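# Structure assessment
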Amino acid sequence: MGFKSKLPHTGTTIFTVMSALAKEVGAINLSQGYPDFDCDEALKSLVGKYMAKGMNQYAPMRGVNELLDATGSKIESSYGLSLDAREEITVTSGAAEGIFSAITTIVHPGDEVLVIDPAYDLYKPAIEINGGKLVVYSLRAPDYEIDWLQVGKLVTPRTKAIVINTPHNPIGRIMSGEDMSALQDLVVSNGLYLVSDEVYEHLVFDGFRHESALRYQRLFERSFVAFSFGKTFHATGWRIGYCVAPAALTAEFRKVHQFNVFSVNTPTQYALAEYLSDPQHYLSLPDFFQEKRDFLQEALADSRFTPLKSRGTYFQLYDYSQISDKNDVEFSREMTTRYGVAAIPPSVFYSKPDENERIIRLCFGKTKETLARAAERLCKI
Ligand code: GLN
């Protein structure tokens, strides 16, 4: 057609592809990360309440004050950071819009941006479409440790920003306090900006705490931190999250956000503001999901899949080298079409995948019945 694509190497996201394939062949879907159980009835009725009350016109561009204030209080009690909520938080259309708008706010043509592989599939196209140049540091199985000295060596005078994700999708790694201190030094000493994707902030297991960028004052001064109400409250289809950044950065962020989506749907914002008044709704999540992680792992104990460590998110990587020598893309398709369980191939998160890795990602954010049925099938392989 002669059309000059801005993203010539980008296809449809693997999450859409695998969920569609799972649906087509009737497989149990442990691929795309979303719960197969509904969100809280109480939350749904709050949305209904505010719709019935007539909260159905445009929300303010930055979000409704009630939700900004409630989110500010949540941040203060979770991370000890006291914000000017109405000037430093923006309600976004899912964390994805927050991350895309943050990258668009920061990146000028020719700027270099550090990305850690495996990287969630949104980051690289968002950088590229803004004319940025990717500089990739790769983590490798099974430990996926970050050598910050090596990351530092990738910084050049053109480096503008670094993107991180903690807890990390797909590897389930969480940043430690030492990681964050090293990151803070790197960002501050080189005058970089940070985009921190923290959508799984409440899915941290084994007694660890979430090391949010919001806990590190000097780091936060140069950060855009993206969060998700959809992930936290089992309502991924509502597309609502928020981006936190210091006031001056937020002002620039909002210039992009306003002409990207203008504002986010109104009744959901009021509903979430009221729902946030009970912290138990999110404080219960680590136990809730850790139980699911352990349940799937135990159910697969007699299978030929070997689990890698998952300290956060609702994903766990499993090594299948005892089963097949096929690469992960082929094996994920085969699992879906032949064995009836859909998975995600982690190689799609890499610019340069390791050809020898035999690992898939499973989502355990599902009901126990779903996990038990999937495990029964996987144990037969
Ligand atoms: N974050 C989810 C995952 O990794 C998918 C979200 C999406 O499909 N946009 O599976």
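In this report, we go over the structure that sits alongside the text. Predicted model, so just to flag it, every value in this text is computed and none were measured.

Definitions and limits used
Residues numbered from 1 in each chain as written. Predicted model: local features only at pLDDT ≥ 70, side-chain atom pairs only at ≥ 80, totals over all residues. Heavy atoms only, no water. Helix = DSSP H or I, 4+ residues; strand = E, 2+ residues; numbered from the N terminus. Contact = heavy atoms within 4.5 Å. Buried < 20%, exposed > 50% of the residue type's maximum accessible area, 1.4 Å probe, protein only. Pairing = 2+ DSSP bridges. Salt bridge = Lys/Arg side-chain N within 4 Å of Asp/Glu carboxyl O.

## Regarding the environment of Ile 344
- You can see Ile 344 is positioned in the loop between β11 (341-342) and β12 (359-363).
- For the pair Ile 344 and Arg 333, spaced 11 residues apart in sequence, the C-alpha separation works out to 8.9 Å.
- Look past the residues within four positions of Ile 344 in its chain and what remains in contact with it is Ile 14, Phe 15, Met 18, Ser 31, Gln 32, Ser 332, Phe 349, Ile 360 and Arg 361.

## Quick word on the environment of Asp 121
- Inspection of the secondary structure puts Asp 121 in the loop between β3 (112-117) and α6 (123-129).
- Owing to a relative accessible area of 24%, Asp 121 belongs among the partly exposed residues under this scheme.
- Not counting residues within four places of it along the chain, the set of residues in contact with Asp 121 comprises Thr 13, Ile 14 and Phe 15.

## Some remarks on the pairing of strand β2 (residues 89-92)
- Residues Ile 89 and Val 91 of β2 are buried on one face, and the alternating residues Thr 90 and Thr 92, pointing to the opposite face, are buried as well.
- The pairing of β2 with strand β8 (residues 241-244) spans 4 bridges and is classified as antiparallel. Each bridged residue has a counterpart across the sheet, and for Thr 92 the counterpart in β8 is Gly 241.

## Description of the pattern of salt bridges
- For the structure on display, the rule yields 23 salt bridges.
- For Arg 173, the salt bridge identified is with Glu 145, shortest N-O distance 3.1 Å. In this pair, Arg 173 sits in the loop between β5 (159-165) and α8 (177-190) while Glu 145 sits in the loop between β4 (133-138) and α7 (148-153), placing the two residues 28 residues apart along the sequence.
- Salt-bridge contacts for Glu 334 lead to Lys 326; the nearest nitrogen and oxygen are separated by 2.5 Å.
- Using a relative accessible area of 34% as the deciding quantity, one classes Lys 326 as partly exposed.
- What you see here is one network of salt bridges that share partners, running through Asp 206, Arg 293, Asp 294 and Arg 311.

## Section: the sheet that holds β12
- The antiparallel open sheet is built from 3 strands, whose spatial order is β9-β10-β12. The open sheet has two free edges, formed respectively by β9 (306-307) and β12, since each of these has just one partner strand.
- Relative to β12, strand β10 (residues 315-319) runs antiparallel, the two sharing 5 bridges. What sits directly across from Leu 317, in β12, is Arg 361.

It is worth stressing that arrangement in space is one thing and function is another; only the former is reported here.
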